[in-house]
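# Fold and geometry: a report
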Amino acid sequence: MTTTDSARRFQDRRVLVTGAAKGIGYAIASSFAAEGASVVHVDVDNVRLDSNAKAAGMSADRHLYLTGDATSEPSVEQFIKVAFERFGGLDIVINNVGVSTRGTIETTSMAEWDRMALNTKSIYLVSRFAMPHLRRSKNASIVNIGSAAGVRGIPNTAAYGTSKAGVVALTRLMALDCARDGIRVNCVCPGLIETDNSRRYTEIYAAKHGLTVEEVQRLVLRHYPLARVGQPQDVADAVLFLASAAASWITGEALNVDGGRNAGTDEEDL
């Protein structure tokens, strides 16, 4: 594919991305925009959204920045309505909103356990209200953002891993239900991605165990055969592939984007 072809891959497509203000969501929204899509950027962080809009200098007729809570039914109904009014429909929905926590079943509070329901609730609500518009599209696609923690066991992630395993299951169930309408539903499951949250957890772990951030990073990389931490763009590239015509016969899949971690590790047990 040439650069020119790639730039037209999502020309005239209408894309909604939740959690679009920073990190993975920002990379996804920016990548769709760079390839010609009209993009609805949704996030609860209106300050960051405003800053992104000013910094990007994007054409106003192809970009819509909306403050919205993907776990609130009235909020979702409203931002889907506004998106429809601006662009006349939707072709692609990226459910990127998510929260994380650390803990075992003993150390996770009930409040934190309940908060993890956000990871599936946001997908349910946004997809539910977007469905009437996606059904009218000729090339509709939903991509949910899961996690490596929802695919393989990772210690100290009882609530988070359970919620992200729910994202994988929900993706497959949605794919079955949506197939009759020609709507594809897939999931991307990232490993460790360099974001504000991952840096914060690294700093907390380092302080707790008397290590430097660099020492923690070296320990973490032992689990990644490709020997680097993922970047938001790595996830964005996978999302755009699944949403593109190149993946037209792929639905109900969970694509690991994790530097080979799910394949195992090249560290020998001595």
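Residues numbered from 1 in each chain as written. Predicted model: local features only at pLDDT ≥ 70, side-chain atom pairs only at ≥ 80, totals over all residues. Heavy atoms only, no water.

This paragraph deals with the overall build of the protein chain. When its secondary structure is counted, the protein chain shows 10 helices and 7 strands. For the protein chain, whose C-alpha radius of gyration is 19 Å, the value lies close to the compact-globule estimate of 18 Å for 270 residues. Counting only C-alpha atoms and orienting by the principal axes, one finds that the protein chain spans roughly 60 × 45 × 40 Å. Looking at the protein chain as a whole, 45% of its 270 residues qualify as buried. The contacts in the protein chain between residues at least 6 apart in sequence include a share of 73% that link residues at least 24 apart. As displayed, the protein chain offers around 13,800 Å² of accessible surface, 53% of which is attributable to carbon and sulfur atoms. The centroid of the 29 positive side-chain charges in the protein chain is displaced by 4 Å from the centroid of its 30 negative side-chain charges. (Helix = DSSP H or I, 4+ residues; strand = E, 2+ residues; numbered from the N terminus. Rg over C-alpha atoms; globule rule 2.2 N^0.38 Å. Buried < 20%, exposed > 50% of the residue type's maximum accessible area, 1.4 Å probe, protein only. Contact = heavy atoms within 4.5 Å. Areas by Shrake-Rupley, 256 points an atom, 1.4 Å probe, with all protein chains shown as cover. Lys, Arg positive; Asp, Glu negative; His and termini not counted. Charge placed at Lys NZ, Arg CZ, Asp CG, Glu CD.)

It is worth spelling out the environment of Ala236 at this point. Its location among the elements puts Ala236 in helix H10 (residues 232–243). C-alpha separation for the pair Ala236 and Ile28, spaced 208 residues apart in sequence, amounts to 4.5 Å. Discounting chain neighbours no more than four positions away, the residues touching Ala236 are Ala27, Ile28 and Ser31.

A complete count under the given rule lists 1 aromatic pair for this structure. For the pair Phe10 and Phe32, a centre-to-centre distance of 4.8 Å together with 75 degrees between the ring planes defines the contact as edge-to-face. Taken together, the residues span a long stretch of sequence, with Phe10 in the loop between helix H1 (3–7) and strand S1 (14–18) and Phe32 in helix H2 (residues 23–34) at a distance of 22 residues. Using a relative accessible area of 0% as the deciding quantity, one classes Phe10 as buried. For Phe32, a relative accessible area of 0% translates into the label buried. (Phe/Tyr/Trp six-rings, centres within 6.5 Å; stacked < 30°, edge-to-face > 60°.)

Once that is clear, we can look at the sheet that holds strand S6 (residues 184–190). What the 7 strands build is an open sheet, ordered S3-S2-S1-S4-S5-S6-S7; its pairing is parallel. Of all the strands in the sheet, just strand S3 (63–67) and strand S7 (254–257) have a single pairing partner and so form its edges. Going from strand to strand, the sheet's axes swing by 15 degrees on average, the running direction of each strand aside. Summarising the sheet, S1 and strand S2 (residues 38–43) pair through 5 bridges and their orientation is parallel. (Pairing = 2+ DSSP bridges. Axes fitted to C-alpha atoms, helices over the stretch in contact; angles between N-to-C directions.)

Another aspect to go through is unusual backbone geometry. Keep in mind that most residues, glycine aside, have a negative phi and that most peptide bonds are trans. The residue Asn156 is not glycine, and still its phi comes out positive at about 70 degrees. Tracing the sequence through the fold places Asn156 in the loop between strand S5 (141–145) and helix H7 (158–178). Asn156 sits in the partly exposed class, given a relative accessible area of 37%. Even without being a glycine, Ala227 presents a positive backbone phi close to 60 degrees. Looking at the secondary structure, you find Ala227 in the loop between helix H9 (213–221) and H10.

With that settled, consider the pattern of salt bridges. Counting across every chain of the model gives 9 salt bridges. Among the salt bridges present, the one from Glu73 reaches Arg128, with a minimum N-O distance of 3.5 Å. Placement of Glu73 in helix H4 (residues 73–87) and of Arg128 in helix H6 (residues 118–135) is noted, with a sequence separation of 55 residues between them. Overall, the relative accessible area of 38% leaves Glu73 in the partly exposed class. Across the pair Arg135 and Asp181 runs a salt bridge, and its minimum N-O distance is 3.1 Å. In this pair, Arg135 sits in helix H6 while Asp181 sits in the loop between H7 and S6, placing the two residues 46 residues apart along the sequence. Of the residues examined, Arg135 reaches a relative accessible area of 41% and is grouped as partly exposed. (Salt bridge = Lys/Arg side-chain N within 4 Å of Asp/Glu carboxyl O.)

Our focus in this paragraph is H10. Taking 1.5 Å of rise per residue, 12 residues should cover 16 Å, and H10 covers 17 Å from first to last C-alpha, within 8% of that figure. If you check which residues of H10 are buried, you get Pro232, Val235, Ala236, Ala238, Val239, Leu240, Leu242 and Ala243. Summarising the contacts, the buried residues of H10 are in contact with H2, strand S4 (92–95), S5, S6 and S7. (Expected span 1.5 Å × (residues − 1).)

Running from amino to carboxyl end, H6 crosses H7 at an angle of 25 degrees, the nearest separation of the two axes being 8 Å. In this view, H6 runs roughly parallel relative to H7, as classed from their interaxial angle. Note on element contacts: H7 touches H6 through Tyr160, Ser163, Lys164, Gly166, Val167, Leu170, Met174 and Cys178, opposite Asn119, Thr120, Ile123, Tyr124, Ser127 and Met131. Here the contact of H6 with H7 is composed, by residue class, of 8 nonpolar, 5 polar and 1 charged. (Parallel < 35°, antiparallel > 145°, perpendicular 65-115°, else oblique. Nonpolar A, V, L, I, M, F, W, Y, C, P; charged D, E, K, R; others polar.)

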